[in-house]
Amino acid sequence: MTRKIIAVIGATGAQGGGLVRAALEDPQGGFSVRAITRRPAEAKGAELQKAGAEVVGADLDDRDSLSRAFAGADCAYCVTNFWEHFSPERELAQAKNLAQAAKAAGVGHVIWSTLEDTRRRVPLDDPRMPTLKGEYKVPHFDAKGFADAFFREAAVPTTFLLTSFYWDNLIHFGMGPAKGADGRLAFVLPMADQKLPGIAVEDIGRCAYGIFKRGAELAGRTVGIAGEHLTGAEMAAGLSRALEREVAYSYVPPEVYRTFDFPGADDLGNMFQYNRDFATEFCAARDLGFARSVNPRLQTFAQWLERNKSRIPVG
Ligand SMILES: NC(=O)c1ccc[n+]([C@@H]2O[C@H](COP(=O)([O-])OP(=O)(O)OC[C@H]3O[C@@H](n4cnc5c(N)ncnc54)[C@H](OP(=O)(O)O)[C@@H]3O)[C@@H](O)[C@H]2O)c1
């Protein structure tokens, strides 16, 4: 059987790693995996090779290396990592490299892991949230959304995949429940009583795999995925059940979240404000039914918690 090749950017990371595993777990699926990393000779590259992927080196900052890595591929999963450099300009340049390399290599179906350009709803002169880095409201969203145009301009058949808040942030991003001044455990989210679309990050890769399996019918479309749309209070209730300890929901307004002392707090404060104030549109763009249709194993928050509760640091 001739297998279609899926080239995966971010194969050593969360989104791409989930896609690699989904494809390798389905040997009858008709796809083989080309895992792309800057450091193919290091441990994660060796692990991917052992798991059955072809491993090749390329760098998002080097378009020619991407063209070589995409050569002969039928599909390509394209993701950038804003949090490695905090530069929307660099993320834009990397996305342009991806679009142009996919075009040069003649890739038949690209998935671009994108997010909304929030400036469409909150223009730069809108005083509701501060403008950041000169010309952005939510830099790590705006750059990805703006970059959609690069894939359209390159005329590469692309599915624009709107991802959601990773529940895994509770494990890796210090967002697990922490003890408040009153000694009670609290889960902090700047969402008031609005719903936040969330997902197990492993399911992003599984959905991407389902989208590649569906193929051309989804090219040219923007699709959104989430495991559930939940309020902070609903997430806190889920945490209480899973951890068997009372966890209260603590609403911290975005204005306060922006002042927190960690890099990118202003960007994330604006992001939560956007998610809160446009919750109806933000949730509507992430259809649970669609996500389940491309990934029947889609997890709910309760299912994700059952598997991951022991990994959540509780402060
Ligand atoms: N956290 C959330 O809730 C959330 C939600 C939606 C979207 N996102 C977005 O997700 C993106 C990050 O994706 P992730 O979580 O899958 O990342 P991750 O787990 O942190 O891994 C980053 C991946 O990107 C690759 N990479 C980074 N820079 C590269 C470069 N210059 N050349 C080639 N590969 C490069 C890395 O590969 P090597 O190191 O092996 O080269 C690695 O595989 C961010 O842009 C973020 O905005 C996050």
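Refer to the structure printed above.
Source: prediction; values computed, not measured.

## Topic: the packing of aromatic side chains
Link 1 in the chain: With the rule as written, the count across this model stands at 17 aromatic pairs.
Link 2 in the chain: Consider the rings of Tyr257 and Phe272, whose centres lie 5.5 Å apart with planes at 80 degrees: the pair is edge-to-face. Of this pair, Tyr257 sits in helix H9 (residues 254-257) while Phe272 sits in helix H10 (residues 265-277), placing them 15 residues apart in sequence. There is no split in this pair, since Tyr257 and Phe272 are both buried.
Link 3 in the chain: Ring pairing ties together the aromatic residues Phe165, Phe173, Tyr257, Phe260, Phe262 and Phe272, which thus form one cluster.
Link 4 in the chain: Seen from the ring of Phe160, Arg152 lies directly overhead, with NZ or CZ sitting 4.2 Å from the centre.
Link 5 in the chain: Sitting over the ring of Phe282, Arg286 keeps its end group 3.7 Å from the ring centre.

## Digging into the sheet that holds strand E6 (residues 158-162)
Where strands meet in a sheet, backbone hydrogen bonds hold them as pairs that are either parallel or antiparallel.
Link 1 in the chain: In space, the seven strands of this open sheet follow the order E3-E2-E1-E4-E5-E6-E11, with parallel pairing throughout. Every interior strand has two partners, whereas the edge strands, strand E3 (54-57) and strand E11 (222-224), have only one. On average, adjacent strands in this sheet sit at an angle of 20 degrees to one another, irrespective of strand direction.

## With respect to the sheet that holds strand E10 (residues 196-199)
Link 1 in the chain: Read from one edge of the open sheet, three strands run E7-E10-E12, paired in mixed fashion. Looking along the sheet, the strands with just one partner apiece sit at the ends: strand E7 (165-166) and strand E12 (228-230).
Link 2 in the chain: As judged from the three bridges shared by E10 and E12, these two strands associate in the antiparallel manner. If you follow Leu196 over to E12, its bridge partner there is Leu230.

## What to know about the nonpolar core
Link 1 in the chain: One finds Phe70, Tyr77 and Leu98 to be the most contacted residues of the largest nonpolar core, which totals 63 residues.
Link 2 in the chain: Looking at this core element by element, the count peaks at seven residues for helix H7 (residues 201-214).
Link 3 in the chain: If sequence neighbours within four positions are ignored, Tyr77 has contacts with Ala7, Val8, Ile9, Gln15, Gly16, Leu19, Ile111, Ser113, Leu161, Ile204, Ala208 and Phe212.
Link 4 in the chain: With 35 residues, the next largest nonpolar core counts Met191, Val252, Leu305 and Ile312 among its residues.

## With respect to the environment of Ala208
Link 1 in the chain: Its location among the elements puts Ala208 in helix H7.
Link 2 in the chain: For Ala208, the contacting residues outside a window of four places in its chain are Leu19, Tyr77 and Ile111.

## Examining the site of the ligand
Link 1 in the chain: Near the ligand lie 28 residues; those nearest to it are Thr12, Gln15, Thr37, Thr80 and Tyr166.
Link 2 in the chain: Side-chain polar atom of Thr12 to an oxygen atom of the ligand: 2.5 Å apart, as the coordinates give it.
Link 3 in the chain: Tyr166 places a side-chain nitrogen or oxygen 2.8 Å from an oxygen atom of the ligand.
Link 4 in the chain: In isolation the ligand offers 930 Å² of accessible surface; the protein chains occlude 84% of this area.
Link 5 in the chain: Only helix H1 (14-24), helix H4 (88-105), helix H5 (139-153) and E7 provide two or more residues apiece to the shell around the ligand.

## With respect to the pattern of salt bridges
Link 1 in the chain: Per the counting criterion, the structure on display carries 19 salt bridges.
Link 2 in the chain: For Arg34, the salt bridge is made with Glu54, and the minimal N-O distance between the two is 3.1 Å. Taken together, the residues Arg34 in strand E2 (residues 31-37) and Glu54 in strand E3 connect sequence positions 20 residues apart.
Link 3 in the chain: On the basis of relative accessible area, Arg34 is assigned to the buried category, the value being 8%.
Link 4 in the chain: A salt bridge links Arg258 to Glu255; its shortest N-O distance comes to 4.0 Å.
Link 5 in the chain: Three or more residues joined by partner-sharing salt bridges are found here, namely Asp117, Arg119 and Asp142.

## Here we look at the environment of Arg307
Link 1 in the chain: By secondary structure assignment, the location of Arg307 is in helix H13 (residues 301-308).
Link 2 in the chain: Along the primary structure Arg307 and Glu135 are separated by 172 residues, whereas in three dimensions their C-alpha atoms are 41 Å apart.
Link 3 in the chain: Within the local environment of Arg307, its side chain forms a polar contact with the side chain of Gln299, the two groups lying 2.8 Å apart.

## Some points on the pairing of E6
Link 1 in the chain: The buried count for E6 comes to five of five residues, which makes it a mostly enclosed element.
Link 2 in the chain: Pairing of strand E5 (residues 109-114) with E6 involves five bridges; the strand directions are parallel. Counterpart to Val110 in the pairing with E6 is Thr158.
Link 3 in the chain: The β-α-β motif built from E5, the intervening H5 and the parallel element E6 has right-handed crossover chirality.
Link 4 in the chain: With three bridges joining them, E6 and E11 adopt parallel strand pairing. Across the sheet, Leu161 pairs through a bridge with Val223, a residue of E11.

Cut-offs and rules
Residues numbered from 1 in each chain as written. Predicted model: local features only at pLDDT ≥ 70, side-chain atom pairs only at ≥ 80, totals over all residues. Heavy atoms only, no water. Phe/Tyr/Trp six-rings, centres within 6.5 Å; stacked < 30°, edge-to-face > 60°. Helix = DSSP H or I, 4+ residues; strand = E, 2+ residues; numbered from the N terminus. Buried < 20%, exposed > 50% of the residue type's maximum accessible area, 1.4 Å probe, protein only. Lys NZ or Arg CZ within 6 Å of the ring centre and 35° of its normal. Pairing = 2+ DSSP bridges. Axes fitted to C-alpha atoms, helices over the stretch in contact; angles between N-to-C directions. Core = buried A, V, L, I, M, F, W, Y, C linked by side-chain atoms within 4.5 Å. Contact = heavy atoms within 4.5 Å. Near = heavy atom within 4 Å. Polar contact = N/O pair within 3.5 Å; in protein donor to acceptor, adjacent residues only side chain to side chain. Areas by Shrake-Rupley, 256 points an atom, 1.4 Å probe, with all protein chains shown as cover. Salt bridge = Lys/Arg side-chain N within 4 Å of Asp/Glu carboxyl O. Right-handed = clockwise from strand over helix to strand, strands pointing away.

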